[in-house]
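A look at the structure
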Amino acid sequence: MGPAAFTAAWALATARQPNYSFANEHISGLAAPDAQAPAVMTAGFVALGAGTMVFASQLERRLGGPGRSGVGPLLLGLSGAATIAAGVLRRDRMSNYPMPGDALEPQSWRNDGHDLASVIGHVSAGVGMLALAARFTREPGWRGLAGPVATTVAASTALMAAFARDVTRPGNGIVQRVGISVPVTAMAMVAWKLLRDPEAPQRAAGGSSR
């Protein structure tokens, strides 16, 4: 539910923001104090973060618990917590492009915290999903997900690296949205498999340890 809620939040907040440039503006600006529907976007961040933490907890349990599950679930849990922090620590302003005559003040500590939390969230999610891909290669019935998960991490890393090189570059709003949606989709794939056969990873983990 977290990925769907986050996507719905930025889509709804975008629709409610007059003269908003989907291609150029960043998602987090929709939670800024001067946005039209900041509570909607903040709720989306919290829903994604909480959903990721629940997903990580369930995945750890199904993969045999701490120690046997590897570091993937732990890093995903960290990513979820960082996502919540990024939503609570909002950006100072909605737009990346100040209007002529706007007073430009130094970036606040809250905005700095948002930026740091965002980086931690992206990095821990990427490394966590790579660790899961490696773990899945040892699980009968789950090896088929290892390749797609690793591929989505590589694609997301390339996109977010391009985004970070010049965060105000025209078109970066699209780059960011795709870069975030790709790994979130990979997490949704794993979650869907867990829902379809909730005991499969536990059985696999038990069998592989013998």
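Each chain carries its own residue numbering, running from 1 in the direction its sequence is written. Local features in a predicted model are, by the rule used here, given only for residues with pLDDT of at least 70; side-chain atom pairs are given and counted only at 80 or more, and totals for whole chains, interfaces and linings are based on all residues. Computation of side-chain values: all heavy atoms of the structure, hydrogens and water removed.

Let's talk about helix H1 (residues 2-15)
For H1, built from 14 residues, the straight-helix expectation of 20 Å at 1.5 Å per residue is met to within 8% by its first-to-last C-alpha distance of 20 Å. Of all the residues in H1, the buried ones are Gly-2, Phe-6, Ala-9, Trp-10, Ala-13 and Thr-14. Along the long axis of H1, the arc covered by the buried residues comes to 125°, so they all point the same way. Away from the buried face of H1 by more than 90 degrees, exposed residues Ala-4 and Ala-15 are located. We call two residues contacting when some pair of their heavy atoms lies within 4.5 Å. Comment: elements are numbered from the N terminus, with helices defined as DSSP H or I runs of at least four residues and strands as E runs of at least two. Those residues of H1 that are buried lie in contact with helix H2 (38-62) and helix H6 (172-196). The span you would expect from a helix comes to 1.5 Å times its residue count less one. The classification of residues rests on relative accessible area computed with a 1.4 Å probe and restricted to protein chains. Under 20% of the type maximum is buried, over 50% is exposed, and intermediate values are partly exposed. Here the arc refers to the directions that run from the helix axis out to each C-beta atom.

Points about the confidence of the model for the protein
Note that predicted coordinates carrying low pLDDT should not be read in detail. When pLDDT is averaged across the protein, the result is 86; 90% of the residues are at 70 or more. Think of pLDDT as the predictor's per-residue confidence, scored from 0 to 100. Of all the helices and strands in the protein, helix H7 (residues 200-208) carries the lowest mean pLDDT, 50, while helix H3 (residues 72-88) carries the highest, 96. Low pLDDT, under 50, characterises residues 204-210; the stretch is placed with eleven contacts to residues that sit more than four places away or in other chains.

A short note on the environment of Pro-38
As for its position among the elements, Pro-38 is in helix H2. What makes Pro-38 buried here is its relative accessible area of 18%. Distance in space between the C-alpha atoms of Pro-38 and Trp-10 is 9.9 Å, their sequence separation being 28 residues. In contact with Pro-38, not counting residues within four places along its chain, are Leu-30, Ala-31, Ala-32 and Arg-90.

Digging into the nonpolar core
The nonpolar core is taken to be a set of buried Ala, Val, Leu, Ile, Met, Phe, Trp, Tyr and Cys residues, with the residues joined through side-chain atoms within 4.5 Å. Ranked by size, the top nonpolar core spans 36 residues in total, and within it Phe-6, Met-41, Leu-59, Leu-76, Met-129, Phe-136 and Val-190 carry the most contacts. Among the elements of the structure, H1, H2, H3, helix H4 (109-136), helix H5 (143-165) and H6 are those that each provide at least two residues to this core. If we skip the residues at most four places from it in the chain, Met-129 touches Leu-76, Val-149, Val-153, Ala-186 and Met-187.

With respect to the side chain of His-26
You can see His-26 is positioned in the loop between H1 and H2. In the analysis that follows, any N or O atom pair within 3.5 Å is treated as a polar contact, provided that within protein one partner can donate a hydrogen and the other can accept it, and provided that, for residues neighboring in sequence, both atoms belong to side chains. At a separation of 2.6 Å, a polar atom in the side chain of His-26 contacts the main-chain carbonyl oxygen of Val-167. Sequence-distant contacts of His-26, that is, excluding residues within four places in its chain, are made with Tyr-20, Arg-91, Asn-96, Phe-163, Val-167, Gln-176 and Arg-177.

Focus: the packing of aromatic side chains
Each pair of aromatic rings taken from Phe, Tyr and Trp, with Trp reduced to its six-membered ring, is defined by centres within 6.5 Å and is described as stacked if the planes are under 30 degrees apart, edge-to-face if over 60, and tilted in the remaining cases. A complete count under the given rule lists two aromatic pairs for this structure. Relative to Phe-45, the ring of Phe-6 has its centre 5.3 Å away and its plane inclined at 70°; by these criteria the two rings are edge-to-face. Of the two residues, Phe-6 sits in helix H1 while Phe-45 sits in helix H2, which places them 39 residues apart along the sequence. Each member of the pair, Phe-6 together with Phe-45, is buried. Note on Trp-10 and Phe-22: the rings are 5.7 Å apart at their centroids and 40° apart in plane angle, and the pair reads as tilted. Of this pair, Trp-10 sits in helix H1 while Phe-22 sits in the loop between H1 and H2; the two residues are twelve residues apart in sequence, bridging distant segments of the chain. Lying across the ring of Trp-10, Arg-177 places its NZ or CZ 5.0 Å from the centre. Here the basic side chain of Arg-177 rests over the ring of Phe-22, its NZ or CZ set 4.6 Å away from the ring centre. Criterion for a charge above a ring: Arg CZ or Lys NZ at most 6 Å from the ring centre, at most 35 degrees from the ring normal.

Things to note about H5
Given a rise of 1.5 Å per residue, 23 residues ought to cover 33 Å, and the 34 Å separating the end C-alpha atoms of H5 matches this to within 8%. Here the buried face of H5 lies against H4 and H6.

Examining the packing of H1 against H2
The contact between H1 and H2 brings their axes to 8 Å, and the two run at 165°. Here H2 runs roughly antiparallel to H1, going by the angle between their axes. Once H1 is placed against H2, the crossing between them reads as left-handed. Contacts between H1 and H2 involve Gly-2, Pro-3, Ala-5, Phe-6, Ala-9, Trp-10, Leu-12 and Ala-13 on the former and, on the latter, Val-40, Met-41, Gly-44, Phe-45, Ala-47 and Leu-48. Gly counts as polar in this scheme, as do all residues outside two lists: the nonpolar Ala, Val, Leu, Ile, Met, Phe, Trp, Tyr, Cys and Pro, and the charged Asp, Glu, Lys and Arg. Taken together, the residues that form the contact of H1 with H2 break down as twelve nonpolar, two polar and no charged. Each axis is a line fitted through C-alpha atoms, and for a helix only the stretch in contact is used; angles between axes span 0 to 180 degrees, taken between their N-to-C directions. In this scheme, roughly parallel covers angles under 35 degrees and roughly antiparallel covers those over 145, while 65 to 115 is roughly perpendicular and the rest are oblique. Each crossing is labelled by how the near helix is turned from the far one, with a counterclockwise turn of less than a right angle marking it left-handed and a clockwise turn marking it right-handed.

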